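The residues making up each chain are set out below.
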Amino acid sequence: MIAPLFATERLVLRPLQSADAAGLYALFADDRVTEHYDLASLRSLSEAISLLQHFLNGNANPVASGFRWAITRKGQPEQLLGTCGVHSPNAAFHSIAIGYDLLPDVWGQGLAREAVSGMLDYCFSSHFPFELNRVTATTDLVSPRSIALLQRLGFSEEGILRQFGYWKEAFHDVRLFALLRQDWECQQSV
Ligand SMILES: CC(C)(COP(=O)(O)OP(=O)(O)OC[C@H]1O[C@@H](n2cnc3c(N)ncnc32)[C@H](O)[C@@H]1OP(=O)(O)O)[C@@H](O)C(=O)NCCC(=O)NCCS
């Protein structure tokens, strides 16, 4: 079973909780956060409550749904800086996909890198309910901050998935990135 709380140098990643609805609203009502996201900007707190419930339902069964963490600063556990998580788990293939987001006020400080790197370390180190071999992420074709983050984390771009998804009333091509266990292990030995 996942033990869902861990710390990095500056951050604590903890499970999302019902008190996070307002924080989630602040995050996903911001057009800068949703610009390259498969989600339209939230328009009401009730939409944030529904999104939160979706994450909480998933967290109750990580093998089927993955897990979404709240990103918080050490000593400020109530204040949501962003979220990150694993989704689309495939136990037979030992694979998972990831997502992440941060409040624009804290972009450019290396916090996403710290959180996602910590999450990857945590999941590859056998804390995820099955042994992971492959972690994927998809981005908009043009999504400079997200692509830079994945490259800094050692992900390789594998190509473009045409009309991979449908959101904001349109089909979207995405870039596919992946990090294999062997890539992650190489990083650990450097
Ligand atoms: C994607 C996202 C999480 C990236 O956030 P970010 O803050 O740019 O990412 P990082 O944590 O890697 O920070 C990198 C920046 O911090 C700087 N930095 C400062 N201190 C640092 C440190 N100690 N360590 C590493 N980088 C540091 C880097 O130089 C870099 O600066 P730059 O932006 O001027 O190039 C953020 O842009 C976001 O939330 N976007 C909206 C949601 C989204 O699109 N999610 C992805 C969907 S696919």
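Here's a quick rundown of the structure. (Residues numbered from 1 in each chain as written. Predicted model: local features only at pLDDT ≥ 70, side-chain atom pairs only at ≥ 80, totals over all residues. Heavy atoms only, no water.)

A look at a nonpolar patch on the surface
A cluster of nonpolar side chains, namely Leu141, Val142 and Ile160, defines an oily patch on the protein surface of about 250 Å² accessible area. Note that valine 142 resides in the loop between β6 (134-140) and α6 (144-152). (Patch = residues over 30% accessible without salt bridge, like charges linked within 9 Å, V, L, I, M, F, W, Y side chains within 5 Å. Areas by Shrake-Rupley, 256 points an atom, 1.4 Å probe, with all protein chains shown as cover. Salt bridge = Lys/Arg side-chain N within 4 Å of Asp/Glu carboxyl O. Helix = DSSP H or I, 4+ residues; strand = E, 2+ residues; numbered from the N terminus.)

With respect to the packing of helix α1 (residues 21-28) against helix α3 (residues 45-59)
α3 packs onto α1 with a crossing angle of 110° between their chain directions and a minimal axis gap of 8 Å. The angle between the axes of α1 and α3 places the two elements in the roughly perpendicular class. Residues Ala21, Ala22, Leu24, Tyr25 and Phe28 of α1 lie in contact with α3, whose contacting residues are Leu45, Ala48, Ile49, Leu51, Leu52 and Phe55. Considering only residue class, the contact of α1 with α3 consists of 11 nonpolar, no polar and no charged. (Axes fitted to C-alpha atoms, helices over the stretch in contact; angles between N-to-C directions. Parallel < 35°, antiparallel > 145°, perpendicular 65-115°, else oblique. Contact = heavy atoms within 4.5 Å. Nonpolar A, V, L, I, M, F, W, Y, C, P; charged D, E, K, R; others polar.)

Quick look at the site of the ligand
Around the ligand sit 18 residues in total, of which Tyr100, Leu102, Ala112, Arg145 and Arg152 are the nearest. Arginine 113 has a polar backbone atom sitting 2.9 Å from an oxygen atom of the ligand. Notes on the ligand: free accessible area 960 Å², of which the protein chains cover 71%. Those elements giving two or more residues to the shell around the ligand turn out to be β5 (95-102), α5 (111-127) and α6. Element by element, the count of residues in the shell around the ligand is highest for α6, at 4 residues. Of the residues belonging to the shell around the ligand, the class tally is 8 nonpolar, 5 polar and 5 charged. (Near = heavy atom within 4 Å. Polar contact = N/O pair within 3.5 Å; in protein donor to acceptor, adjacent residues only side chain to side chain.)

Here's the deal with the packing of aromatic side chains
Counted under the stated rule, the structure contains 8 aromatic pairs. Their ring planes at 75° and their centres at 5.7 Å tell us that phenylalanine 6 and tryptophan 69 sit as a pair that is edge-to-face. Taken together, the residues phenylalanine 6 in strand β1 (residues 6-7) and tryptophan 69 in strand β3 (residues 67-73) connect sequence positions 63 residues apart. Residue phenylalanine 6 shares its accessibility class with tryptophan 69, and that shared class is buried. Aromatic side chains phenylalanine 124 and tryptophan 184 sit 5.1 Å apart centroid to centroid with 25° between the ring planes, which places their arrangement in the stacked category. With a gap of 60 residues between them, phenylalanine 124 in helix α5 and tryptophan 184 in helix α7 (residues 181-189) connect regions that are remote in the sequence. Three or more aromatic residues link up through ring pairs in this structure, and these residues are Phe6, Phe67, Trp69 and Tyr122. (Phe/Tyr/Trp six-rings, centres within 6.5 Å; stacked < 30°, edge-to-face > 60°. Buried < 20%, exposed > 50% of the residue type's maximum accessible area, 1.4 Å probe, protein only.)

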